[in-house]
Amino acid sequence: MTSTIVPYEDGPLIVRGDFDLRTPDGTRIDPGRGTVALCRCGKSAIKPFCDGTHRAVNFRAGSDRDTPAPR
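Small disclaimer: the values here were computed from a predicted structure and weren't measured.

1. Quick notes on the sheet that holds strand S2 (residues 13-17)
Sheet strands line up and pair through hydrogen bonds in the backbone, either parallel or antiparallel.
Item 1. Here three strands make up an open sheet; going across it, the order is S1-S2-S5 and the pairing antiparallel. For this open sheet the edge positions go to strand S1 (3-7) and strand S5 (35-38), each flanked by a neighbour on one side alone. On average, each strand axis in the sheet is tilted by 20° relative to the strand beside it, whichever way the strands run.
Item 2. Sheet topology note: the S1/S2 ladder contains five bridges and is antiparallel. Paired with Thr4 across the strands is Arg16, a residue of S2.

Structure (structure tokens):
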């Protein structure tokens, strides 16, 4: 499997390529496409996918390793 994961500043994780998405118990989640946006704010109504709620809740998170984790 080859995939790319890009954390968008103050937004979701964008996952592209060949990936396998599963629940904590191992059940496969069909992403429905080869590129998905995964929620990082925890407020999405369609978790694990992003629905844009991060904008409404003013979620803040960096996009690189040098950015401190949100509190």
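2. As for the UniProt feature "domain: Iron-binding zinc finger CDGSH type" (unreviewed entry) in the protein
Item 1. The residues that UniProt annotates with the feature "domain: Iron-binding zinc finger CDGSH type" (unreviewed entry) are residues 22-60.
Item 2. Annotation note: span residues 22-60, helix share 10%, strand share 18%, distance between end C-alpha atoms 26 Å.

3. Looking at the side chain of Ser44
Item 1. Topologically, Ser44 is positioned in the loop between S5 and helix H1 (53-56).
Item 2. Judged by relative accessible area, Ser44 falls into the buried class, the value being 5%.
Item 3. At a separation of 3.1 Å, a polar atom in the side chain of Ser44 contacts the main-chain amide nitrogen of Ile46.
Item 4. In this structure the side chain of Ser44 is engaged in a polar contact, spanning 2.6 Å, whose partner is the backbone oxygen of Phe49.
Item 5. Leave out the neighbours within four places in its chain, and Ser44 touches Cys39, Phe49, Cys50, Asp51 and Thr53.

4. Brief notes about the pairing of S2
Item 1. Linking two consecutive strands that pair antiparallel, namely S1 and S2, is a turn of five residues; a positive phi of about 60° is found at Asp10 within it.
Item 2. The pairing of S2 with S5 spans four bridges and is classified as antiparallel. Counterpart to Ile14 in the pairing with S5 is Ala37.

5. Digging into empty space enclosed by the protein
Item 1. Going through the model one piece at a time under the given rule, you end up with one cavity of 30 Å³ or more.
Item 2. Taken as a whole, the largest cavity spans an internal volume of roughly 50 Å³.
Item 3. Taken together, Gly11, Pro12, Cys39, Arg40, Cys41, Ser44, Cys50, Asp51, Gly52, Thr53, His54 and Phe59 make up the full set of residues lining the largest cavity.

Conventions and cut-offs
Residues numbered from 1 in each chain as written. Predicted model: local features only at pLDDT ≥ 70, side-chain atom pairs only at ≥ 80, totals over all residues. Heavy atoms only, no water. Pairing = 2+ DSSP bridges. Helix = DSSP H or I, 4+ residues; strand = E, 2+ residues; numbered from the N terminus. Axes fitted to C-alpha atoms, helices over the stretch in contact; angles between N-to-C directions. UniProt positions renumbered as here; feature names shortened; annotations may be inferred. Buried < 20%, exposed > 50% of the residue type's maximum accessible area, 1.4 Å probe, protein only. Polar contact = N/O pair within 3.5 Å; in protein donor to acceptor, adjacent residues only side chain to side chain. Contact = heavy atoms within 4.5 Å. 1 Å grid on protein atoms, 1.4 Å probe; cavity = no way out; pocket = protein on both sides within 12 Å on 5 of 7 lines; lining within 4 Å. Points joined across faces, edges and corners; volume = space filled by probe spheres on them.

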